[in-house]
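Summary of the model geometry
As a plain string of letters, each chain reads:
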Amino acid sequence: MNTILIGAQFGDEGKGKIIDVMMENNDVVVRFQGGNNAGHTVEVGTEKFVLHLIPSGILRPGRKCVIGNGVVVDPVALVKEIKGLHERGIRTEGKLLLSETAHVVLPYHSRLDEARENHRGAGKIGTTKRGIGPTYGDKAARTGLRLIDLAQPKVFSKKLKARIEENNAILKSLGGEPLDYATVNKAYLEAGKFLAPYITNSVIWLHDQIKRKKRVLFEGAQGTFLDIDFGTYPFVTSSNTTAGGAVTGSGVPPHKMDRVIGVIKAYTTRVGEGPLPSQSQELGDLLHGMGREYGATTGRERRCGWFDAVATHYSAMINGIDELAVTNLDGLDTLKKIKVCVAYKLDGKTIKFPPNDIDMLARCEPVFRTFAGWQTPTSDVRKFSKLPVNAQKYLKAIADLTGAKLRIISVGAQREQTFMV
Ligand code: GDP
Ligand code: IMO
Ligand code: MG
């Protein structure tokens, strides 16, 4: 059984936690897109880990973790992440594989990311400034450097020199700070040396695992509405965050994928700019007041909204979601009434699908259906039938409206605070 797991909303749905839970019954976990713009939180006992590039299965002994070809890798950040895990007693040797065709994030990418954001002014995207967009831009323009280059110091240094010259000119024109070739070269060769034992042809390795009936889990980053094709363009990230990305970002063909799990929060959050039709100040104040919904990568406050079934229904279509993992149900525990967005009103007309035009989406007003809350703590519940009846009704309703089966429910950040339906 090979499973694709994706975020069905705007990112931060709790993918990291669900991956960690599911890795109890899987052998291999593969990141297939994005980079260290991701922040996937896994809490085990008193320990909290935030993973940015390393798949969220790394905490499970004996499991293998792959960073696939579709990911963009900042080698210096990755070395830091690996060393951070080593310091906490988590080993990576023999467990972690890096695709040699994954593209490398360079310091000019993050500087360009920042310079372009500054230029956009009020129209900024609110990126993580990790250089993700410019790196994918270079990949598409065929001017990128890959891990296979980094593993060959002479090749890398030569290519880097030419790239730095060109990008320094662009940086200067945008008012950004130019880079010193020797400094970057030294830092990257050092990181390359550290990473060399992990760099391999992950396509061949993965196909061999599948032949041997190993169970592979594909770990999506970001979420459906941040997808470069299907998201709220231009307020998106620069990769395919949807299920198709698992195929192109790993080299495992579509017919080897057995199911798609969509992770959703029991409400909606979004960090960065861009429309959020079901946004609610009241819900945001409640969740922030509980110390929740601050970004795992940038620490920024996430905007909050009611569950948006128009969005998740569309998401279920695009991703082919078979099963849902619903997280953060406990975030709604204290509410007397809970709203769900079931349609949008656009210029007086009721619509059931999100419009692709960003200005139209921004004009959409949510049409809400109101559910009775349960006003009972759910964090200690471990069985669907033990949930308050109103919580059961709410979960069934959001799954029905989305058009997928309820499968996993999460009522807390801890591994144990999870159950199957
Ligand atoms: P990801 O990027 O999709 O992996 O999600 P993040 O880790 O960025 O954000 C999800 C946040 O919710 C993290 O702080 C998790 O520890 C937390 N979390 C996940 N599931 C639950 C849950 O069911 N209840 C609570 N209270 N927190 C949760
Ligand atoms: P995980 O995997 C939530 C958002 C940024 C910004 C937009 C583009 O933890 O769910 P980028 O740096 O990618 O060019 O920024 O995408 N963004 C995320 N939002 N969760 C994430 O990852 C995100 N990664 C990027 O805030 O709006
Ligand atoms: Mg996150």
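Since we're looking at a predicted model, the values are computed, not measured.

**Describing the site of ligand 2**
If you check the shell around ligand 2, you find 20 residues, and the closest are Asp-12, Lys-15, His-40, Thr-128 and Thr-237. In the environment of ligand 2, an oxygen atom lies 2.7 Å from a nitrogen or oxygen atom belonging to the side chain of Lys-15. In the complex, the protein chains occlude 98% of the 550 Å² of accessible area that ligand 2 would expose alone. Partitioned by chemical class, the residues of the shell around ligand 2 number 7 nonpolar, 10 polar and 3 charged.

**A few points about the domain arrangement of the chain**
Buried accessible area, meaning the area lost when the parts come together, often serves as the stated size of an interface. Domains assigned within the chain are domain 1 (3-101 + 199-261), domain 2 (103-195) and domain 3 (264-420). One C-alpha centre belongs to domain 1, the other to domain 3, and the line joining them spans 23 Å. Each side of the interface is counted separately: domain 1 has 37 residues, and domain 3 has 40 residues. With both chains or domains summed, domain 1 and domain 3 bury close to 3100 Å², and 57% of this area falls on carbon and sulfur atoms. Three residues stand out in domain 1 for area buried against domain 3, namely Gln-9, Phe-10 and Lys-17, and they jointly supply 21% of the buried area on that side. Between domain 1 and domain 3 we count 3 salt bridges in total.

**A word on the nonpolar core**
Within the largest apolar cluster, 52 residues are counted, with the highest numbers of intra-cluster contacts made by Phe-218, Leu-329, Leu-332, Tyr-394, Leu-395 and Ile-409. Broken down by element, this core gets its largest block of residues, 6 residues, from helix H13 (residues 389-402). Apart from the residues within four sequence positions on either side, Phe-218 is in contact with Asn-2, Thr-3, Ile-4, Leu-5, Val-30, Phe-32, Ala-246, Ser-250, Val-252 and Met-257. In this structure, Ile-58, Leu-85, Ile-199 and Ala-325 belong to the second largest nonpolar core, which totals 48 residues.

Conventions adopted
- Residues numbered from 1 in each chain as written.
- Chains lettered and ligands numbered in written order.
- Predicted model: local features only at pLDDT ≥ 70, side-chain atom pairs only at ≥ 80, totals over all residues.
- Heavy atoms only, no water.
- Near = heavy atom within 4 Å.
- Polar contact = N/O pair within 3.5 Å; in protein donor to acceptor, adjacent residues only side chain to side chain.
- Areas by Shrake-Rupley, 256 points an atom, 1.4 Å probe, with all protein chains shown as cover.
- Nonpolar A, V, L, I, M, F, W, Y, C, P; charged D, E, K, R; others polar.
- Domains from an automatic or database assignment.
- Contact = heavy atoms within 4.5 Å.
- Buried area = accessible area lost by both parts, 1.4 Å probe.
- Salt bridge = Lys/Arg side-chain N within 4 Å of Asp/Glu carboxyl O.
- Core = buried A, V, L, I, M, F, W, Y, C linked by side-chain atoms within 4.5 Å.
- Buried < 20%, exposed > 50% of the residue type's maximum accessible area, 1.4 Å probe, protein only.
- Helix = DSSP H or I, 4+ residues; strand = E, 2+ residues; numbered from the N terminus.

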